[in-house]
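# Observations on the three-dimensional arrangement
In case you want the letters, here they are:
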Amino acid sequence: MQDVAGKVAVVTGGAGGIGRAMGEAFGAAGMKVVLADVQPEPLAKTVDELQGHGLNVIGVPTDVSVYESVTALRDAAVEAFGGVHVLCNNAGIGAGAEGPMWEHELRDWEWAIGVNVWGVIHGINAFVPGMIAGGEECHVVNTSSGNGGLSPLPSTPQYAATKAAVVTITECLYGQLAGTLVSASVLFPGPHMLRTGLFESWRSRPDRFAKTRPRQTPYTTVDALEEQMKAAGVPIAYTEPIEVATATLDAVRNDRFWIHPDNPRTDDALRQRTQSILDRSQPDSYLRAVPG
Ligand SMILES: NC(=O)c1ccc[n+]([C@@H]2O[C@H](COP(=O)([O-])OP(=O)(O)OC[C@H]3O[C@@H](n4cnc5c(N)ncnc54)[C@H](O)[C@@H]3O)[C@@H](O)[C@H]2O)c1
């Protein structure tokens with residue numbers, strides 16, 4: 001879809017972080033943008049700010065883990081702008097579960113699967129039929145992560161498992177869209193970590209996924225993680241959300257499936273994982289050489 005000006009983009013998780021940056025990049029390219037988020041106040045603030053920069057942006061409070069909420073988002077987008085050409089299933093959470101996974105609350109899994117997996121499935125079911133029927137070029141971008149999407153960090157089972165699912169769902173979607181004008185991409189934000197709200201996902205935890213017992217340890221913050229990385233001698237670098245958003249727009253324009261910036265660390269982990277599968281060897285090199 002080389003010519004994006006005047007086209008309509010819907011971005012979930014659009015109140016902050018990568019989703020907001022997608023709104024900025026798409027809006028600056030002349031697109032009409034619908035930002036959706038489960039946090040209505042930050043969403044309204046972001047929409048105000050982007051409108052203040054002259055961008056054609058509206059906000060629709062949405063919980064992607066609820067199908068009716070996602071169909072209402074689609075209907076609102078169609079009513080406001082007449083159709084949808086680009087859907088970014090970007091909303092995501094880190095469950096922040098503590099301790100070994102056999103002690104994690106089932107609610108941690110339900111919440112992560114609800115947002116990170118069902119959110120993507122809901123988006124596909126709600127939007128893709130209309131995209132195909134519209135007979136115009138359209139594109140779905142699903143946000144995965146190097147963690148899980150390429151190889152898992154054992155310390156974050158919910159996140160890694162759900163982001164692996166996003167890759168497979170998007171591969172199947174791409175395969176099944178053959179012969180239509182709709183395409184798909186999977187996004188691995190990076191190459192480095194982003195200082196976004198992801199470490200404070202607990203702020204957006206819906207009541208029906210509320211924890212069932214009190215937390216024993218504080219949530220990891222991005223600052224605490226930075227300290228751990230420093231202590232382990234890991235070089236610290238950050239990617240800005242706008243870089244990810246710009247790469248996403250470029251991939252939509254040029255129909256590239258893998259939105260995966262060069263990153264020697266995740267490339268190595270993926271290579272080790274693939275080699276371990278092909279060799280039928282124990283996966284210690286990438287699962288036990290890292291903390292957690
Ligand atoms: N930050 C990183 O380093 C990083 C790395 C890899 C992948 N990602 C992925 O990028 C995506 C965007 O994350 P981010 O880093 O911008 O974090 P973020 O927390 O800043 O943004 C995520 C947004 O999703 C919203 N959200 C949460 N639950 C929702 C729900 N049920 N319905 C609708 N919206 C909901 C949040 O309110 C938030 O505004 C996520 O899918 C995340 O997993 C982030």
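What counts and how
Residues numbered from 1 in each chain as written. Predicted model: local features only at pLDDT ≥ 70, side-chain atom pairs only at ≥ 80, totals over all residues. Heavy atoms only, no water. Near = heavy atom within 4 Å. Polar contact = N/O pair within 3.5 Å; in protein donor to acceptor, adjacent residues only side chain to side chain. Areas by Shrake-Rupley, 256 points an atom, 1.4 Å probe, with all protein chains shown as cover. Nonpolar A, V, L, I, M, F, W, Y, C, P; charged D, E, K, R; others polar. Buried < 20%, exposed > 50% of the residue type's maximum accessible area, 1.4 Å probe, protein only. Helix = DSSP H or I, 4+ residues; strand = E, 2+ residues; numbered from the N terminus. Pairing = 2+ DSSP bridges. Right-handed = clockwise from strand over helix to strand, strands pointing away.

On to the site of the ligand. By nearness alone, 28 residues border the ligand, and I18, D37, N90, Y159 and T196 come closest of all. For the ligand, an oxygen atom lies 2.9 Å from a polar atom in the side chain of Q39. Alone, the ligand offers 820 Å² of accessible surface; in the complex the protein occludes 95% of this. The residue inventory of the shell around the ligand, partitioned by class, reads 12 nonpolar, 13 polar and three charged.

What follows is about the pairing of strand β5 (residues 138-143). Where burial is concerned, most of β5 is hidden: six out of the six residues are buried. Burial of β5 is two-sided: the residues C138, V140 and N142 facing one way and the residues H139, V141 and T143 facing the other way are all buried. Of the strand pairs in this sheet, strand β4 (residues 86-89) and β5 are connected by four bridges, and their pairing is parallel. Each residue of the ladder has a partner; that of C88, found in β5, is V141. On the question of chirality, the crossover connecting β4 to the parallel β5 by way of helix α4 (residues 106-134) is right-handed. In this sheet, strand β6 (residues 182-187) lies alongside β5 in parallel orientation, the contact comprising six bridges. For V141, the partnering residue across the bridge sits in β6 and is S185.

Honestly, it's all geometry; don't read function into it.
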